[in-house]
Amino acid sequence: MRVIGITGGVGSGKSEILRLLKEEFGAKLLMADDIAHEVMAPGGEASRRIEEAFGADYLKPDKSVDRQKMAELIFKDADALETMNSIVHPAVWRRIEEGIRTAPEKLVAVEAALFDEEHNRMFDEVWYVYTSKENRISRLMASREKCMDIMGNQRSEEEFRAMADRVIDNNRTIEDVRQQIERILNEKMKEESQE
């Protein structure tokens, strides 16, 4: 089994890369954001701890996390962000580990905004999806100021590149991206067959 971590800034086009990996290369996809939604859902393993940490004001009537209200808080309060991350991230990473361990597919792609040294051991390699700021902004179809604020709160391009084994340049066509993915996957298969 080959396990790839996929990361990149908001608007970089990670979704298209993941679609290609799934549809054309047979990968199982594990999406950290989707898993985070599951663990924060009513009855999810993080929901009770979120209520204890932030109070019932941050829950909807159905006991699900009020994501908009929570986002407003953690965007401006670093302590709240740290608390939320300390509750949600461990639960998400446990689910990701389980998903990798039980996957019947030979290729697993894990998408997450952030990877760290502790969790990099799960991956054979990490791919960073690179797209220029201008392309990211146009893809987001939001105000330039909001995009710049979001990008400013993410890791820098240098930080993404430093933690990645591969860089997927997503500034051109989808065919160019498809060729990059195919080239990378084929290189790895050749390396493994020579061992």
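Everything numeric here is computed off the predicted structure, so don't read it as measured data. (Residues numbered from 1 in each chain as written. Predicted model: local features only at pLDDT ≥ 70, side-chain atom pairs only at ≥ 80, totals over all residues. Heavy atoms only, no water.)

Apart from glycine, the bulk of residues carry a negative phi angle, and the bulk of peptide bonds sit in the trans form. You will see that Lys63, though not glycine, has its phi angle at about 75°, which is positive. Structurally, Lys63 can be placed in the loop between α3 (47-54) and α4 (67-76). Classification of Lys63 by relative accessible area gives partly exposed; the value is 43%. (Helix = DSSP H or I, 4+ residues; strand = E, 2+ residues; numbered from the N terminus. Buried < 20%, exposed > 50% of the residue type's maximum accessible area, 1.4 Å probe, protein only.)

Here five strands make up an open sheet; going across it, the order is β2-β3-β1-β4-β5 and the pairing parallel. Strand pairing shows two members of the sheet lacking a second neighbour, β2 (28-31) and β5 (166-169), which therefore form its edges. Pairwise comparison of adjacent strand axes, ignoring direction, gives a mean angle of 25° for this sheet. Where helix α1 (residues 14-25) meets the sheet, it contacts β1 (2-7), β2, β3 (107-111), β4 (125-130) and β5, and its direction lies at approximately 165° from that of β3. Sitting on the sheet, helix α10 (residues 174-194) is in contact with β1, β3, β4 and β5, with an inclination near 160° to β5. (Pairing = 2+ DSSP bridges. Axes fitted to C-alpha atoms, helices over the stretch in contact; angles between N-to-C directions. Contact = heavy atoms within 4.5 Å.)

The next point concerns helix α2 (residues 32-40). Listed in full, the buried residues belonging to α2 are Ala32, Ile35, Ala36, Val39 and Met40. Looking straight down α2, one finds its buried side chains confined to an arc of 130°; they lie on one side. Where α2 is buried, its residues meet β2, α3, α4, α5 (78-102) and β3. (Arc of directions from axis to C-beta.)

Another aspect to go through is the nonpolar core. Grouped together as the largest cluster of nonpolar side chains are 37 residues, with contacts concentrated most on Ile50, Phe54, Val88, Ile96 and Val110. Within the residue set of this core, elements represented by two or more residues are α2, α3, α4, α5, β3, β4 and α9 (157-163). Leaving out residues up to four positions away in the same chain, Phe54 has contacts with Met70, Leu73, Ala80, Thr83, Met84 and Ile87. If you look at the next biggest cluster of nonpolar residues, it comprises 16 residues, including Leu20, Leu21, Leu107 and Leu185. (Core = buried A, V, L, I, M, F, W, Y, C linked by side-chain atoms within 4.5 Å.)

Residues shown with low pLDDT carry predicted positions that ought not to be read at fine detail. Confidence along the chain averages 85 in pLDDT terms, with 93% of residues attaining 70 or more. Averaged over each element, pLDDT in the chain is lowest for helix α8 (residues 144-152) (61) and highest for β2 (96). (pLDDT = per-residue confidence, 0-100.)

Side-chain pairs of opposite charge can arise whenever the charged atoms involved come near each other. Across all of its chains, the model carries 16 salt bridges by this definition. One salt bridge in this structure joins Glu45 and Arg94, with 3.2 Å as the shortest N-O distance. On the criterion of sequence distance, the pair formed by Glu45 in the loop between α2 and α3 and Arg94 in helix α5 is long-range, its members being 49 residues apart. By relative accessible area, Arg94 is classed as partly exposed at 48%. Notably, a salt bridge pairs Arg166 with Glu125, separated by 3.5 Å at the nearest N-O pair. Of this pair, Arg166 sits in strand β5 while Glu125 is found in strand β4, placing the two residues 41 residues apart along the sequence. Each of Arg2, Glu125, Arg166 and Glu187 takes part in salt bridges that share partners, so that together they form one network. (Salt bridge = Lys/Arg side-chain N within 4 Å of Asp/Glu carboxyl O.)

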